[in-house]
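# Structure at a glance
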Amino acid sequence: MNQKNRNHIYSFRRISFNTTVAVFFLILVGGIVRSSGAGMGCPDWPKCFGSWVPPTSVDQLPKNYAEIYVAQRVEKNDRFASLLSSLGFSALAVEIQQDKSILDHEPFNATKTWIEYINRLIGALIGLLIILTFAYSVRLRKVDPKITLLAFLSLVLVIFQGWLGSIVVSTNLLQWMISVHMIVALILVCLLLYIHFRSGTLLTGNKGNNLSSGQSPSVYRSVLGFGIFLMVLQIILGTQVREHIDLIAADYGYSDRFAWIDELGITFYVHRSFSLVLLGLHLYLAYSFYRRKDINPAIFRQFSWLLGLLLTVILSGVLMAYFGIPAFIQPIHLLLGSLIIGFQYYIWLELGVEKMHPKNIALV
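These notes cover the structure that comes with them. (Residues numbered from 1 in each chain as written. Predicted model: local features only at pLDDT ≥ 70, side-chain atom pairs only at ≥ 80, totals over all residues. Heavy atoms only, no water.)

### Examining the overall build of the protein chain
A tally of helices and strands in the protein chain yields 11 helices and 0 strands. Mapped in sequence order, the helices and strands of the protein chain form the string α-α-α-α-α-α-α-α-α-α-α. For 364 residues, the compact-globule estimate of 2.2 N^0.38 gives 21 Å, and the protein chain sits close to it at 23 Å. The C-alpha extent of the protein chain, read off along each of the three principal axes, is 70 × 45 × 40 Å. Expressed as a percentage of the 364 residues in the protein chain, the buried residues total 51%. Across the protein chain, the fraction of contacts at a sequence separation of at least 24, relative to all contacts at a separation of at least 6, is 80%. Put simply, the protein chain shows about 18100 Å² of open surface, and 66% of that area lies on carbon and sulfur atoms. (Helix = DSSP H or I, 4+ residues; strand = E, 2+ residues; numbered from the N terminus. Rg over C-alpha atoms; globule rule 2.2 N^0.38 Å. Buried < 20%, exposed > 50% of the residue type's maximum accessible area, 1.4 Å probe, protein only. Contact = heavy atoms within 4.5 Å. Areas by Shrake-Rupley, 256 points an atom, 1.4 Å probe, with all protein chains shown as cover.)

Okay, here's the thing in C-alpha cells:
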C-alpha cells in the first residue's frame, strides 16, 4: 500500500473516531433533554416554534400558538399512521390516531425550549460529521469499497434518525418512539465503530485474532457476543423503566422524586438484578483472559475499561434508586450503558477471525 493511501486511511480513521465520539455525546445530551422534561421544548420540527432561532419569551408567540402546533402534529401523525398501515402495522396506526395524550400541550418554557434547541443543533452537527465521514470514505473506495458503502449507509441511517426525531416530537414524546429512537442511535454507533475498525485492518492486515499464541478466540468471542445480547436486553429493560418513570414524573409534576421508585413495577427490579448477571459474565471473561497470559495487552486494557464502566453504571443505578432519581445522574446512566455496548462490540470485533480487507489488495 502506498503512502498516499495510508494517509487517506489515517485521515478517515480520525474523522470516523471523532464522529463516533460525537454520537456518544449526543446520546448524553438526549438524556439531559429527557431528564429535564424538555423533550417538547420545541413543539414542531425541524424548526422551533416556526423559527430557526427559537423565541425567548411567550410574548413572541401568537396567542393561539398551542392550537397551531397541535394541529400540525395531528396532521403529521395522520401521515405517519397511513405509512404504518401501508407497512402492515394497522393496529399501531389506530393506536396513534386514538392516543389523546398526543393532543396535550405543554406551556412555553424558555429554558426547556433552548435545551431542546441545543440538542437539535448538536444533532445537525452530527449530520455534518457523518457527511464528512462519507466524503473521506470515497477516497478509500478502491482500497476497500465496503467502507464507502457502509459510510453511505451511516448517512442514510442518520437521516432516518432525524426523521424519527420529528416523529418523536409529533407524537408528543410517545414512549415507544423514544425507545426506538435510542435503539437506532446505538445501531449507528456500532456501524461507525465497525467502519473505524475495518479501516484499521487495512493498515495492519490484522485478521482480528488477538491471542498471541495464535489459538482461536472463538469461545471468548461467543461469550462476549452473548454478553452483548444480554446488554441489549438490559438497555431495552432500561428504556421500559425510563418510560414508566416519565409517566410517574408527569403525574407528580416532576416533584417528590423520592416517591417515584415506589411506583415502579417488576420491570425495575428485573433491570436492577440483571446488572449483576452482566457483571458476573464479564468478570468470568476477565478472569479467563488473565489466566491465559497470551491475550493481547491492548484487549485486556480495553476489557478493564469495560469492567470499570459496568461497575460505574451499577453505581449510578444504585444512586438513582436510593437518592430519589437525581436528574443529573439519569443522562450519565444512559451514556454509560451506551459506552458499554460500544466497548463490548469493539472488543468483539478485535477478537474476530474473519479477514476484514479485500484479498486482492496488497497491504505492504
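### Focus: the packing of helix 1 (residues 3-35) against helix 4 (residues 110-138)
Running from amino to carboxyl end, helix 1 crosses helix 4 at an angle of 160°, the nearest separation of the two axes being 9 Å. Taken together, helix 1 and helix 4 sit at an angle that is classed as roughly antiparallel. Of the two possible hands of crossing, helix 1 and helix 4 adopt the one that is left-handed. When helix 1 is examined against helix 4, the residues Ser11, Phe12, Ile15, Ser16, Thr19, Ala22, Val23, Phe25, Leu26, Val29, Gly30 and Val33 are found in contact with a partner set consisting of Ile115, Glu116, Asn119, Ile122, Gly123, Ile126, Leu129, Ile130, Leu132, Thr133, Tyr136 and Ser137. Looking at the contact of helix 1 with helix 4 residue by residue, the classes come out as 15 nonpolar, 8 polar and 1 charged. (Axes fitted to C-alpha atoms, helices over the stretch in contact; angles between N-to-C directions. Parallel < 35°, antiparallel > 145°, perpendicular 65-115°, else oblique. Left-handed = near helix turned anticlockwise from the far one by under 90°. Nonpolar A, V, L, I, M, F, W, Y, C, P; charged D, E, K, R; others polar.)

### Re helix 6 (residues 175-204)
The end-to-end C-alpha separation of helix 6 is 44 Å, in line with the 44 Å expected for 30 residues at 1.5 Å each. Within helix 6, 24 of the 30 residues are buried, leaving the element largely enclosed by the surrounding structure. (Expected span 1.5 Å × (residues − 1).)

### Here's the deal with the pattern of salt bridges
Enumeration according to the criterion identifies 4 salt bridges in this entry. Of the charged contacts, one joins Glu106 and Lys112 as a salt bridge, the two residues approaching to 3.6 Å between their closest N and O atoms. Relative accessible area serves as the criterion here: at 31%, Glu106 is assigned to the partly exposed category. For Asp144, the salt bridge is made with Arg198, and the minimal N-O distance between the two is 2.6 Å. Placement of the pair is Asp144 in the loop between helix 4 and helix 5 (145-170) and Arg198 in helix 6, with a sequence separation of 54 residues. We note that Asp144, like Arg198, is buried. (Salt bridge = Lys/Arg side-chain N within 4 Å of Asp/Glu carboxyl O.)

### Considerations on the packing of aromatic side chains
Throughout the structure, instances matching the rule amount to 13 aromatic pairs. Judged by centre distance (5.7 Å) and plane angle (90°), the rings of Phe197 and Tyr346 are edge-to-face. On the criterion of sequence distance, the pair formed by Phe197 in helix 6 and Tyr346 in helix 11 (residues 329-350) is long-range, its members being 149 residues apart. With respect to burial, Phe197 and Tyr346 carry one shared label: buried. Chaining the aromatic ring pairs together yields one cluster made of Phe49, Tyr65, Tyr69 and Phe108. Sitting over the face of the ring of Trp348, Arg221 holds its NZ or CZ atom 3.6 Å from the ring centroid. (Phe/Tyr/Trp six-rings, centres within 6.5 Å; stacked < 30°, edge-to-face > 60°. Lys NZ or Arg CZ within 6 Å of the ring centre and 35° of its normal.)

### Observations concerning unusual backbone geometry
In the segment running from Trp45 into Pro46, the intervening peptide bond is cis, with an omega of 5°. Structurally, Pro46 is set in the loop between helix 1 and helix 2 (65-86). At Phe49, a position not held by glycine, the phi torsion is positive, near 55°. With respect to the helices and strands, Phe49 occurs in the loop between helix 1 and helix 2. Positive phi, normally seen in glycine, also occurs at Asp256, with a value near 55°. Turning to its location among the elements, Asp256 is positioned in the loop between helix 7 (218-251) and helix 8 (260-263). Classification of Asp256 as partly exposed rests on a relative accessible area of 48%.

### Focus: a nonpolar patch on the surface
The grouping of Ile183, Ile187, Phe226, Phe229, Val232, Leu233 and Ile236 at the surface amounts to a nonpolar patch, some 580 Å² of accessible area in total. By residue number, the principal contributor to the nonpolar patch is helix 7, which donates 5 residues. By secondary structure assignment, the location of Val232 is in helix 7. (Patch = residues over 30% accessible without salt bridge, like charges linked within 9 Å, V, L, I, M, F, W, Y side chains within 5 Å.)

### Observations concerning the side chain of Gln330
Along the chain, the position of Gln330 falls in helix 11. Ignoring any residue separated from it by four or fewer positions in sequence, one finds Gln330 in contact with Ser35, Arg242, Ile245, Arg257, Met320 and Ile325.

What is shown is where atoms sit, not what they do.
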